[in-house]
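Each chain is listed here by its residues.
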Amino acid sequence: NDLASVLDLHVHTNQGSPDSSLTPDELVAEALRVGLSGVMVTEHVGWPRPEFEAFAREQGMLLVRALENYSPLGHIITLGLDSHVTGFTGGIDTVKKLRQEVDKVGGFMILAHPFRYLFELPGIYSQNLLFEDPQALPSSHQEAAEHPIFRLVHDVEVVNGANNEVENRFAQGVAGFLEMPGTGGSDAHSVNGLGKGSTLFPGDIRNERDL
């Protein structure tokens with residue numbers, strides 16, 4: 001299909017993510033080299049929109065601006081917001097507030113790497129932010145899918161390039177149970193691994209609105 005688009009939906013650059021060494025020019029060069037149609041730049045702090053759009057207009061590929069929002073229940077990629085509206089406190093109510101703000105702008109929310117560390121040997125607390133009690137870890141996709149956060153997000157990241165295979169496969173199972181299509185992104189913070197996770201769209205994605 002000539003109109004298919006392949007996008008890496010989770011990438012960080014040094015313009016808005018203090019833990020990234022990836023420059024915008026390196027991002028574009030590597031994305032083109034590995035054959036991506038586009039990249040969603042999901043900064044931790046936020047690459048200011050005017051500067052981002054000025055850079056994006058000059059490139060030979062699609063770049064879309066997003067934020068990886070912090071929440072007490074993990075990271076949520078939001079499309080459409082210009083700045084952070086929530087923080088680390090407040091539990092599920094914080095995520096409800098985030099959804100309200102995203103709905104106001106007609107945006108989109110993707111729960112990033114939801115099961116990271118879930119299968120590590122736990123101590124007193126699990127390192128996974130959705131299921132912190134090691135005595136109450138989900139034993140099935142259906143049980144995990146009952147977490148209320150999945151009713152607040154639009155989709156779930158099912159392939160994250162920084163996760164291990166077990167974590168990604170479990171996310172795929174939960175998304176399948178919820179009948180969510182799932183997204184893929186590399187979570188790259190350098191040239192290394194860019195495109196390792198990506199998402200295939202059966203159409204021509206030309207801009208943020210298309211996405």
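Located above this text is the structure these notes cover.
Because the structure is a prediction, the values reported are computed rather than measured.

Participant: Help me get a handle on helix α5 (residues 165–178), residues and values and all.
Facilitator: Side chains that are three or four residues apart share a direction in an α-helix, a result of its 3.6 residues per turn. Between its terminal C-alpha atoms α5 stretches 20 Å, which fits the 20 Å expected from 14 residues at 1.5 Å a residue. Taken together, the buried positions of α5 are occupied by Glu167, Asn168, Phe170, Ala171, Gly173, Val174 and Ala175. The elements touched by buried residues of α5 are α4 (141–145) and β6 (155–160). For α5, the N-terminal capping position is held by asparagine 164, with its side-chain oxygen 3.2 Å away from the main-chain nitrogen of valine 166.

Participant: Which residues make up the sheet that holds strand β5 (residues 108–111), and what values do they have?
Facilitator: One open sheet accounts for 8 strands, arranged β7-β6-β5-β4-β3-β2-β1-β8; its pairing is mixed. Taken across any chain shown, the strands that pair with only one partner, and hence form the sheet edges, are β7 (183–185) and β8 (199–201). Strand-to-strand twist across the sheet, computed as the mean angle between neighbouring axes with direction ignored, equals 35°. As defined by bridge partners, strand β4 (residues 74–79) adjoins β5 across 4 bridges and the pair is classed as antiparallel. When the bridges of β5 are listed, threonine 78 appears paired with methionine 109. Along the sheet, helix α2 (residues 49–57) contacts β2 (38–43) and β3 (62–71); its crossing angle with β3, the most-contacted strand, is approximately 150°.

Participant: An account of the nonpolar core is needed here, citing residue identities and associated values.
Facilitator: Membership of the largest hydrophobic core comes to 26 residues, with the highest contact counts inside it found for Ile76, Phe115, Leu130, Ile149 and Phe150. Every element with two or more residues in this core is listed here: α3 (92–104), β5, α4, β6 and α5. With 4 residues, α5 is the largest single contributor of residues to this core.

Participant: Any details on the packing of aromatic side chains? Residues and values, ideally.
Facilitator: In this structure the tally under the stated criterion is 6 aromatic pairs. For the ring pair phenylalanine 115 and phenylalanine 170, a centre distance of 4.9 Å and an interplane angle of 85° mean the geometry is edge-to-face. Of this pair, phenylalanine 115 sits in the loop between β5 and α4 while phenylalanine 170 sits in helix α5, and the two are 55 residues apart along the sequence. The exposure class assigned to phenylalanine 115 is buried, which follows from its relative accessible area of 0%. Taking the relative accessible area as the measure of exposure, phenylalanine 170 reaches 10% and is therefore buried. Put simply, the rings of Phe115, Phe119, Phe150 and Phe170 touch in pairs and so form one group of aromatic residues.

Participant: Describe the pairing of strand β1 (residues 5–11), naming the residues involved and giving the relevant values.
Facilitator: Within a regular strand, the side chains alternate between the two sheet faces. Among the 7 residues that make up β1, 6 are buried, leaving the element largely enclosed by the rest of the structure. Bridge analysis of β1 against β8 gives 3 bridges, and the strand direction is antiparallel. Note that in β8 the partner of valine 6 across the bridge is leucine 200. Bridge count for β1 against β2 is 3 bridges, and the pairing is parallel. Residue pairing across strands places valine 11 opposite valine 41, the latter belonging to β2. A crossover connection joins β1 to the parallel β2 through helix α1 (residues 24–33); in handedness this β-α-β unit is right-handed.

Participant: Give a detailed account of the pattern of salt bridges, specifying residues and quantitative values.
Facilitator: What the rule picks out here adds up to 11 salt bridges. As a salt-bridge pair, arginine 49 and aspartate 82 come within 2.5 Å of each other at their nearest N and O atoms. Here the residue arginine 49 occupies a position in helix α2, and aspartate 82 occupies one in the loop between β4 and α3, the gap between them amounting to 33 residues. As a salt-bridge pair, arginine 99 and aspartate 103 come within 2.9 Å of each other at their nearest N and O atoms. Pair noted here: arginine 99 and aspartate 103 are both in helix α3, with a separation of 4 residues, about one helical turn. Among the residues examined, aspartate 103 registers a relative accessible area of 42% and is labelled partly exposed. A cluster of three or more residues bridged by salt bridges with shared partners is formed by Arg49, Glu53, Arg65, Asp82 and Glu208.

Participant: Summarise the side chain of histidine 44; cite the residues concerned and give the values.
Facilitator: Relative to the helices and strands, histidine 44 resides in the loop between β2 and α2. A distance of 3.4 Å separates a polar atom in the side chain of histidine 44 from a polar atom in the side chain of aspartate 19. Once you skip the residues sitting within four places of it in the chain, histidine 44 turns out to touch His12, Gly16, Ser17, Asp19, Glu68, Tyr70, His75, His84 and His189.

The rules behind the values
Residues numbered from 1 in each chain as written. Predicted model: local features only at pLDDT ≥ 70, side-chain atom pairs only at ≥ 80, totals over all residues. Heavy atoms only, no water. Helix = DSSP H or I, 4+ residues; strand = E, 2+ residues; numbered from the N terminus. Expected span 1.5 Å × (residues − 1). Buried < 20%, exposed > 50% of the residue type's maximum accessible area, 1.4 Å probe, protein only. Contact = heavy atoms within 4.5 Å. Polar contact = N/O pair within 3.5 Å; in protein donor to acceptor, adjacent residues only side chain to side chain. Pairing = 2+ DSSP bridges. Axes fitted to C-alpha atoms, helices over the stretch in contact; angles between N-to-C directions. Core = buried A, V, L, I, M, F, W, Y, C linked by side-chain atoms within 4.5 Å. Phe/Tyr/Trp six-rings, centres within 6.5 Å; stacked < 30°, edge-to-face > 60°. Right-handed = clockwise from strand over helix to strand, strands pointing away. Salt bridge = Lys/Arg side-chain N within 4 Å of Asp/Glu carboxyl O.

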